[in-house]
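Residues per chain are reported as follows:
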Amino acid sequence: MFTKETYIRRREQLRQKLGTGLVLIPGNQESPMNYPENTYHFRQDSTFLYFFGLQLPNMFGVIDIDENFDAIFADDIDIEDIIWMGPQPSVQDLAAGAGISMTAPRENLPGVVETAIKSGKRIHFTPPYRTDNQMWLSMLTGIKSGKIRQYASLELIRAIVSLRSVKEEAEIEEIEAACAIGYEMHVAAMKLAQPGVKEQEIAGFIEGIALSGGAGTSFPTILTQNGETLHNHNHSFLLEKGRLMIVDAGASSNGHYASDFTRTVPVGGKFSPKQKEIYDIVLAANNTAFSLTAPGVTYQSVHLAAARTIASGLKEIGLMKGDVDEAVAAGAHALFFPHGLGHMMGLDVHDMEDYGQIHVGYDEEIRPIDQFGTAYLRLGRRLQPGFVITNEPGIYFIPALLDKWEKEGLHRQFINYKKARTYLGFGGIRLEDDVLVTATGARLLGDRVPIKPEEVEAIVNGR
Ligand code: GLY
Ligand code: MN
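In this text, all values refer to a predicted model and were calculated from it rather than measured experimentally. (Residues numbered from 1 in each chain as written. Chains lettered and ligands numbered in written order. Predicted model: local features only at pLDDT ≥ 70, side-chain atom pairs only at ≥ 80, totals over all residues. Heavy atoms only, no water.)

**Here's the deal with the overall build of the chain**
Consideration 1: Counting secondary structure elements, the chain contains 16 helices and 15 strands.
Consideration 2: The C-alpha radius of gyration of the chain comes to 24 Å, within 12% of the 23 Å expected for a compact globule of 463 residues.
Consideration 3: Sequence separation of at least 24 residues holds for 74% of the intrachain contacts in the chain that already meet a minimum separation of 6.
Consideration 4: Summing over all exposed atoms, the chain offers an accessible surface of approximately 19500 Å²; the carbon and sulfur share of this is 53%.
Consideration 5: Charge centroids of the chain, computed over 44 positive and 58 negative side chains, lie 8 Å from each other. (Helix = DSSP H or I, 4+ residues; strand = E, 2+ residues; numbered from the N terminus. Rg over C-alpha atoms; globule rule 2.2 N^0.38 Å. Contact = heavy atoms within 4.5 Å. Areas by Shrake-Rupley, 256 points an atom, 1.4 Å probe, with all protein chains shown as cover. Lys, Arg positive; Asp, Glu negative; His and termini not counted. Charge placed at Lys NZ, Arg CZ, Asp CG, Glu CD.)

Below is the structure:
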């Protein structure tokens, strides 16, 4: 947890931005796996963490802007809980750590909200993503639970996005702690990338590193030799010599900030010439993206520059043809690079995605591009100092997509389908770094996970 002054300041900044109303910030509850007492690993809601920092379930935060008070609604544990869980701090003591003096039992919450509604106060909340908080907000506001997300407050979303997008120094330290764990995870995975090793063994080993160094993984680990499937969570295969293993994995710091790195490793320790050609193009796209990441630049333009690097590299080896700028403008590169360059990262690995990507990644100036591939870009707007983003270009040979495009005759003037067919079975390559936008440019967060092909080969080979 940060200092209580941090949370007091953040709530004050929110007050200034919103001006009026009652803000409801539900914390998360425990979530049962197979029966009520056997729960998933608890993860607090990120908005609640940002404004209150408390990591316990069943808490509800309220910020009353007009009456100028903040309160935590939660119940103290009773003797039965103490027997099973041991003594716990009181809600009052916990709340004091977040700079809050007003606490009350959860049963008092409906009355407070009802009074606010009756007095005509605007009620603000962000769109709930868990059913129990959806039900709670519905019960408190009287809005049907199925409609509650439509009534989320755009003013609140915009205010919080403007605060959370710019990371404070203490947040950057947390992200760097997550990056340090992520570094260990990726180097460990490289060392284990040997023929005959089961993907699951490596995934489990690196998730153990995430748990022993911090709060676990920041998202379910992607680790596969079938990397043409972008988010492949199937870890059931034995690694085969000569295949490429994609590892897209990150850690959560103890303060719940994320890291998110991707590396692609030759199983057995040697890239084939064909693999290295593609690898070098993805690395060039990653380096291009980093060199262009700077305040004032639109991230959409960085994405498109990375797409041009990919298209021009693929043209050099005969997989694409024609004018590179025209190919990217037409979206032809998306056969090989069918996703966005990157996203914001912070408390969430895709930071603030629960608020709606349009509000986080875009604004009046920069709107999403509705074209296959680039439409998946989560962040397009102008970068500002303090933004933390990931850059994660990739090249993939996806059989179903290749079949579909070729059958439909898409972008024939830009794609050499005959040659592309010879890459089926190649898999995919993605290289992802975490980047802080600074006052003058950008810096990589954490030590750079080994990325040059010869560095990666040396680690797989135990050198
Ligand atoms: N690294 C997983 C993702 O960004 O979706
Ligand atoms: Mn990512």
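From this point, the narrative continues.
**Quick word on the nonpolar core**
Consideration 1: In this structure, Leu14, Leu24, Ile72, Met245, Ile278 and Leu314 are the most contacted members of the largest nonpolar core, which totals 142 residues.
Consideration 2: Of the residues forming this core, the biggest block, nine residues, is contributed by helix H8 (residues 169–191).
Consideration 3: Look past the residues within four positions of Leu14 in its chain and what remains in contact with it is Val23, Phe51, Ile63, Leu156, Ala159, Ile160 and Leu163. (Core = buried A, V, L, I, M, F, W, Y, C linked by side-chain atoms within 4.5 Å. Buried < 20%, exposed > 50% of the residue type's maximum accessible area, 1.4 Å probe, protein only.)

**Comments concerning the coordination of the manganese ion (ligand 2)**
Around a metal, the ideal angle is 109.5 degrees if four donors adopt a tetrahedral arrangement and 90 or 180 degrees if six donors adopt an octahedral arrangement.
Consideration 1: Looking at the manganese ion (ligand 2), the protein donor atoms are Asp260 (OD), His343 (NE2), Glu392 (OE) and Glu432 (OE), and they sit 2.1 to 2.2 Å from it.
Consideration 2: Of note, the donors binding the manganese ion (ligand 2) are all from one chain and are spaced D-x82-H-x48-E-x39-E. Of this pair, Asp260 sits in the loop between strand S9 (244–249) and strand S10 (261–266) while Glu432 sits in the loop between strand S13 (428–430) and strand S14 (433–437), and the two are 172 residues apart along the sequence.
Consideration 3: Asp260 sits in the buried class, given a relative accessible area of 3%. (Donors = N, O, S within 2.8 Å, 3.2 Å for Na, K, Ca; no water.)

**Notes on the side chain of Asp64**
Consideration 1: Within the secondary structure, Asp64 sits in strand S4 (residues 60–64).
Consideration 2: Taking the relative accessible area as the measure of exposure, Asp64 reaches 3% and is therefore buried.
Consideration 3: A polar contact is formed between the side chain of Asp64 and the backbone nitrogen of Asp66, at a distance of 3.1 Å.
Consideration 4: The contact partners of Asp64, leaving out residues within four places of it in the chain, are Arg15, Gly21, Leu22, Phe69, Asp70 and Lys121. (Polar contact = N/O pair within 3.5 Å; in protein donor to acceptor, adjacent residues only side chain to side chain.)

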